[in-house]
Amino acid sequence: MRRSFIDRLLLPAILGLTTVLAALVLWQRLLTEQRANIQAATKAQTLFVKNKMESELNARILLLNRLAGRWQARVLSGDEDKEPDAALLISGYGGCQAIEWVDPTFHVRWVASERWNEADVGTDLGADARWRVPLQHAEDSGRVMVTRPVDLQGGGRGFLVFVPVFAENKLMGFLLGVFHYQELFYSILQDVGQNYWVTVYDGDEEIYGRSGSDPRLAEVWAQETDIGFRELTWRARVWPRSETLANARSSLPNVAFLGGILMAGLLAFAVYMGETAHLHAEVLKREIAGRVQAEEALRQVQKMEAVGRLAGGVAHDFNNLLMVIRGHAALSLSYVGPDNPLRQELNEILKAAVRASSLTRQLLAFSRKQVLQPNVLDLNSLVTQSAELLSPALGEDINLFLDLDSNLGRVKADVAQMEQVIMNLVFNARDAMPDGGKLTIQTANSLLDENWARRHPEIRPGPYVMLAVHDRGHGMDEETQLHIFEPFFSTKERNTGTGLGLATVYGTVIQSGGCVTVLSKLGEGTTIQIYLPRVEETIEVAEKPKALLGALQGNETILLVEDDDAVRRMTRMFLEIKGYNVVEARNAADAIQFMECHKGSIEMVLTDVAMPGMKGGELVERLVKLRTGIKVLYMSAYTEDAAINSGILGPGSAFIEKPFNADELACKVREVLGTSIIV
């Protein structure tokens, strides 16, 4: 039974994932237990902090109450020396910064403090509502009153404690204790929870905190509790230090998890290797089949390339012959009168030469040596315009449908050649449906990947635009599909076609950077798909050709360089008929030698592109060094020169395609001479 790559990975993946899942569950349980232990220890420490603070704070208040009782006894005995007892209390307990005596009128009478001076003596606390209210409440209730957080005179924040002192039910005054938060809580908690951070809040205000706390640990591990102190409620927050966490955490969860991962990997690897051994043979078979397919595609491309080179060479030489035939026939026709019986024969020669030129152009299109004028265009618009012209030619029994992508990308191609491609494909589809049927033209965006490029070596992976023509005709077998793009191959009856239609399509598309595919089955129809590279440039609006001013005559001197004697003579006759002075050179060396010796003016160089020894472009580079400001016109049946890359005219190059007649040449010469572009 065949197994795919997924089949090979399925069993190892199941075993590996199961083992990893088991290790993950064990790891999670160990971590949960570890976290619970840390949280329990933190909670116990938090409860200890709460009890410690509440007991110590009540002890501080109890000492103040006892001090107030001693002062009450001294007042009754007539001894008013209270300062030694106050100093003893301040020095014995941290956090108490001062003890003051306030008389019943709320005036400070004396102050006992290690750091403060007696500037507060005589201060009227009743003038400030912050002190008057708790003092009045202590007097009325006879109980100890504690204030909210205040700014202390000695710096920092703290709170005040008012203890009323009565003698024989008569208010003798108030014992006022001043406590500094940080110092008081430090004295209480200095020996508590050394491995934990502790902060105390009064509402949102932090009134005590140990330095060095880590907010990230606080968010995860902190435990909170409320501390009740008289009328006040504080909130204590406790969490472990980082080193405490490090000591509390065990490596067992991580060891268990890593061990599970290692075991999962070993199991998965062992099973994977076993599955791979079985699958390797099948993968190798598929790779061999794919390579054979790619090699076959490459051989097909090489075959088409070889046929194209042969066809291009034949067409090039034949075009030179046709130019001579057409030229002499046209000249002879101009010499005979309208009643001369030779006139009809000469006209027939011209017509046959024109038809032959059309065939050579199709051969050049297949060999990808035609001259293209590419523009950025919208294939949807081109298909729509072509469909309007094609409908009458298809007949009433063929229904034409357009399936066009509204978001179609743009391509860069020769408009006239693409129109010819569409017409050839549609007419072939029509011929495949003699009894009529449905013919569909479709456009769509497509992304061709590496696999596609391996099957079609002539293209590169990337974004493309697809143009497809689908018919429901008789279809083709595989043998026919291998030859349909070859020139002069045709499935039609003799004398009903040239066999160059699809060859022209193939050459034009390949020359434009695309590819052509065929999908066909006997009795089910055929779909021919064209893929052209998608571009991001804007659509170009073709400029209208400018009309030439004046006649086609001229009197300038032109250097004519052509290696074919017959073509050179014919071209010279065409130019001299129009009044030009012509200097001939049969090759590039003669042209260079003439330019070195000639001192007169040369307005233009008319040169063939493909010549033995030196190409036309190289010749122009040499001539420019000898004389600047020369205008150049290239001519050829096809070009492989650097000035025209892969059959596409380069910027600034003037070109005329063979064969041409006298008027066509004169028109192009006047166009070049009339421009400001020089080499």
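Residues numbered from 1 in each chain as written. Predicted model: local features only at pLDDT ≥ 70, side-chain atom pairs only at ≥ 80, totals over all residues. Heavy atoms only, no water.

*Asks:* Explain the overall build of the protein chain here, please?
*Replies:* Across its full length, the protein chain holds 17 helices and 24 strands. Residues classed as buried in the protein chain amount to 44% of the 679 residues present. For the protein chain, contacts bridging at least 24 residues in sequence account for 69% of all contacts bridging at least 6. In the form shown here, the protein chain has an accessible surface area of approximately 35800 Å², with 54% of it arising from carbon and sulfur atoms. (Helix = DSSP H or I, 4+ residues; strand = E, 2+ residues; numbered from the N terminus. Buried < 20%, exposed > 50% of the residue type's maximum accessible area, 1.4 Å probe, protein only. Contact = heavy atoms within 4.5 Å. Areas by Shrake-Rupley, 256 points an atom, 1.4 Å probe, with all protein chains shown as cover.)

*Asks:* What am I meant to see in the environment of glutamine 97 here?
*Replies:* As for its placement among the helices and strands, glutamine 97 is situated in strand S1 (residues 96-102). Looking at glutamine 97, the relative accessible area reads 3%, which means it is buried. In the structure, glutamine 97 is positioned 55 residues away from leucine 152 in sequence and 9.5 Å away in space, judged by C-alpha atoms.

*Asks:* It is not clear to me how the packing of aromatic side chains should be interpreted in this structure. Could you clarify?
*Replies:* Applying the stated criterion to the full structure yields ten aromatic pairs. With centroids separated by 5.7 Å and ring planes inclined at 65°, the aromatic side chains of phenylalanine 159 and phenylalanine 229 adopt a geometry described as edge-to-face. With phenylalanine 159 in strand S5 (residues 157-167) and phenylalanine 229 in strand S9 (residues 223-229), the pair connects residues that are 70 residues apart, well separated along the chain. When sorted by exposure, phenylalanine 159 lands in the same class as phenylalanine 229, which is buried. (Phe/Tyr/Trp six-rings, centres within 6.5 Å; stacked < 30°, edge-to-face > 60°.)

*Asks:* How should I be thinking about the sheet that holds strand S7 (residues 196-202) in this particular structure?
*Replies:* Judged by pairing direction, the sheet is antiparallel, and its four strands sit side by side in the order S8-S7-S10-S9 without closing on themselves. On the outer flanks of this sheet lie strand S8 (205-209) and S9, each paired with one strand and no other. Each adjacent strand pair in this sheet contributes to an overall mean axis angle of 30°, direction not counted. Against the sheet, helix H4 (residues 181-189) engages S7, S8 and strand S10 (232-240), with an angle of about 45° to S8. (Pairing = 2+ DSSP bridges. Axes fitted to C-alpha atoms, helices over the stretch in contact; angles between N-to-C directions.)

*Asks:* Got a minute to help me understand the pairing of strand S19 (residues 581-585) in this structure?
*Replies:* Two faces, one strand: in a regular strand the side chains alternate between the faces of the sheet. Pairing of strand S18 (residues 557-561) with S19, which is carried by five bridges, proceeds in the parallel orientation. Following the sheet pairing, leucine 560 is matched in S19 by glutamate 584. Note that the unit made of S18, helix H14 (residues 565-577) and S19 has a crossover that is right-handed. (Right-handed = clockwise from strand over helix to strand, strands pointing away.)

*Asks:* What is the right way to look at H4 in this model?
*Replies:* Three or four residues apart is the spacing at which side chains of an α-helix point the same way, because the helix has 3.6 residues per turn. All buried positions along H4 are accounted for by Tyr181, Leu184, Phe185, Ile188 and Leu189. Down the axis of H4, the sector holding all buried residues measures 115°, keeping them to one side. (Arc of directions from axis to C-beta.)

*Asks:* For this particular structure, what's the right way to read unusual backbone geometry?
*Replies:* Positive phi values are uncommon outside glycine, yet phenylalanine 106 reaches one of about 70°. For phenylalanine 106, the location among the structural elements is in the loop between S1 and strand S2 (108-113). Despite not being glycine, arginine 230 has its phi angle at roughly 55°, a positive value. Within the secondary structure, arginine 230 is located in the loop between S9 and S10. A relative accessible area of 42% means that arginine 230 is categorised as partly exposed.

*Asks:* What exactly am I supposed to notice about the side chain of threonine 46 here?
*Replies:* Turning to its location among the elements, threonine 46 is positioned in helix H1 (residues 5-77). Every residue in contact with threonine 46, bar those within four places of it in the chain, is listed here: Gln223, Glu224, Thr225 and Val238.

*Asks:* Looking at this structure, I do not really get a nonpolar patch on the surface. What am I missing?
*Replies:* On the surface, a cluster of nonpolar side chains totalling about 250 Å² of accessible area is made up of Leu15, Met263 and Leu267. Along the polypeptide, leucine 15 turns up in helix H1. Relative accessible area serves as the criterion here: at 32%, leucine 15 is assigned to the partly exposed category. (Patch = residues over 30% accessible without salt bridge, like charges linked within 9 Å, V, L, I, M, F, W, Y side chains within 5 Å. Salt bridge = Lys/Arg side-chain N within 4 Å of Asp/Glu carboxyl O.)

*Asks:* What is the right way to read the packing of H14 against helix H17 (residues 662-673) from this model?
*Replies:* Axes are the key here: two packed helices are described by the angle between their axes and the distance separating the axes. Two elements in contact, H14 and H17, have axes separated by 9 Å at closest approach and are oriented at 70°. Overall, the two elements H14 and H17 adopt an arrangement that is roughly perpendicular. The interaxial crossing formed by H14 with H17 has right-handed handedness. Together, Thr571, Phe574 and Leu575 of H14 and Ala662, Leu665 and Val669 of H17 make up the contact between the two elements. Its residues placed into classes, the contact of H14 with H17 shows five nonpolar, one polar and no charged. (Parallel < 35°, antiparallel > 145°, perpendicular 65-115°, else oblique. Left-handed = near helix turned anticlockwise from the far one by under 90°. Nonpolar A, V, L, I, M, F, W, Y, C, P; charged D, E, K, R; others polar.)

*Asks:* Where do I start with the sheet that holds S19 in this structure?
*Replies:* Pairing between sheet strands relies on hydrogen bonds along the backbone, with the strands arranged either parallel or antiparallel. Read from one edge of the open sheet, five strands run S19-S18-S20-S21-S24, paired in parallel fashion. Looking at strand neighbours, the two that pair on one side only are S19 and strand S24 (655-657), the edges of this open sheet. Sheet twist, expressed as the average angle between the axes of neighbouring strands with direction ignored, equals 20°. Two elements, S18 and strand S20 (residues 604-608), share four bridges in a ladder whose sense is parallel. Bridged to leucine 560 within S20 is leucine 606. Strands S18, S19 and S20 of the sheet are contacted by H14, whose axis makes an angle of about 165° with S19. Contacting S18, S20 and strand S21 (631-636), helix H16 (residues 616-626) crosses the sheet at an angle of about 155° to S20.

*Asks:* Which parts of the structure should I look at to understand helix H10 (residues 415-431)?
*Replies:* Between its first and last C-alpha, H10 extends 24 Å over 17 residues, near the 24 Å set by a 1.5 Å rise per residue. Inspection of H10 places Gln417, Met418, Val421, Ile422, Asn424, Leu425, Val426 and Ala429 among the buried residues, and these make up the whole buried set. (Expected span 1.5 Å × (residues − 1).)

*Asks:* Got a minute to help me understand the pattern of salt bridges in this structure?
*Replies:* Applying the stated rule across the entire model yields 21 salt bridges. For arginine 109, the salt bridge identified is with aspartate 103, shortest N-O distance 2.5 Å. For arginine 109, a relative accessible area of 44% puts it in the partly exposed group. Note on aspartate 103: relative accessible area 9%, which makes it buried. For aspartate 431, the salt bridge goes to arginine 430, with nearest N and O atoms at 3.3 Å. Classification of aspartate 431 as partly exposed rests on a relative accessible area of 33%. One network of salt bridges, with partners in common, ties together Asp565, Arg568, Arg572, Glu576, Glu584 and Arg586.

*Asks:* I'm lost on the nonpolar core in this one. Help?
*Replies:* A general feature of soluble globular proteins is that nonpolar side chains tend to end up buried together. Ranked by internal contacts, the top residues of the largest apolar core, which has 37 residues, are Phe159, Val161, Phe185 and Trp234. When residues of this core are assigned to their parent elements, the largest contribution, seven residues, is made by H1. (Core = buried A, V, L, I, M, F, W, Y, C linked by side-chain atoms within 4.5 Å.)

*Asks:* Just to check I follow, could you spell out the confidence of the model for the protein chain for this structure?
*Replies:* When pLDDT drops low, the exact placement of atoms in the prediction is not to be read closely. Overall, the prediction assigns the protein chain a mean pLDDT of 76, with 72% of residues at 70 or greater. When the criterion is pLDDT under 50, residues 365-369 qualifies, and its contacts beyond four places in sequence or with other chains add up to 29 contacts. Counted against residues more than four places away or in other chains, residues 639-650, with its pLDDT under 50, gives 32 contacts. (pLDDT = per-residue confidence, 0-100.)

*Asks:* Could you clarify how one ought to interpret the environment of asparagine 58 in this entry?
*Replies:* In this structure, asparagine 58 sits in helix H1. The class for asparagine 58 is partly exposed, based on a relative accessible area of 39%. Along the chain, asparagine 58 and arginine 230 lie 172 residues apart, while their C-alpha atoms are 8.6 Å from each other.

*Asks:* How do you make sense of the packing of helix H15 (residues 588-597) against H16 when you look at a structure like this?
*Replies:* Interaxial distance between H15 and H16 falls to 10 Å at its minimum, and their mutual angle equals 10°. In terms of orientation, H15 lies roughly parallel with respect to H16. Facing H15, whose interface residues are Ala588, Ala591, Ile592, Met595 and Glu596, H16 presents Leu619, Arg622, Leu623 and Leu626.

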